[in-house]
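# Descriptive structure summary
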Amino acid sequence: MSSMEEKIGRINELYHKSKTPEGLTEAERAEQALLRKEYIASVRANLKAQLDQVNIQNGDGSVENLGEKYGNRTH
């Protein structure tokens, strides 16, 4: 799958199928877990990219980029 919209669509398909009496196969459960993991990683990367662009103005008038200040942290 290439686009995130397609992945989200497939995640939703699998979710709805999981609520039916037949449920998901083992392969579909594995696919669902992988797609969810990829989706969460994408959301985190997008959020980090946005936050890395945030600048704040300190009380002394200086401008500080939060990505430069906190971007190298792992948590």
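So, here's what we can say about the structure. Predicted, not measured: the structure shown is a model, and the values here were computed from it.

Another aspect to go through is a nonpolar patch on the surface. Taken together, the side chains of Ile8, Tyr39, Ile40 and Val43 define a hydrophobic patch exposed on the protein surface, amounting to about 300 Å² of accessible area. Within the element layout of this structure, isoleucine 8 appears in helix 1 (residues 4–18).

Okay, the packing of helix 1 against helix 2 (residues 26–51) next. Relative to each other, helix 1 and helix 2 sit at 140 degrees, their axes nearing to 10 Å. Overall, the two elements helix 1 and helix 2 adopt an arrangement that is oblique. Crossing geometry of helix 1 relative to helix 2 is assigned as left-handed. Between helix 1 and helix 2, the contacting residues are Met4, Lys7, Ile8, Arg10, Ile11, Leu14, Tyr15 and Lys17 on the first element and Glu28, Glu31, Gln32, Leu35, Arg36, Glu38, Tyr39 and Ser42 on the second. When grouped by side-chain class, the residues that make up the contact of helix 1 with helix 2 number seven nonpolar, two polar and seven charged.

About the thresholds
Residues numbered from 1 in each chain as written. Predicted model: local features only at pLDDT ≥ 70, side-chain atom pairs only at ≥ 80, totals over all residues. Heavy atoms only, no water. Patch = residues over 30% accessible without salt bridge, like charges linked within 9 Å, V, L, I, M, F, W, Y side chains within 5 Å. Areas by Shrake-Rupley, 256 points an atom, 1.4 Å probe, with all protein chains shown as cover. Salt bridge = Lys/Arg side-chain N within 4 Å of Asp/Glu carboxyl O. Helix = DSSP H or I, 4+ residues; strand = E, 2+ residues; numbered from the N terminus. Axes fitted to C-alpha atoms, helices over the stretch in contact; angles between N-to-C directions. Parallel < 35°, antiparallel > 145°, perpendicular 65-115°, else oblique. Left-handed = near helix turned anticlockwise from the far one by under 90°. Contact = heavy atoms within 4.5 Å. Nonpolar A, V, L, I, M, F, W, Y, C, P; charged D, E, K, R; others polar.

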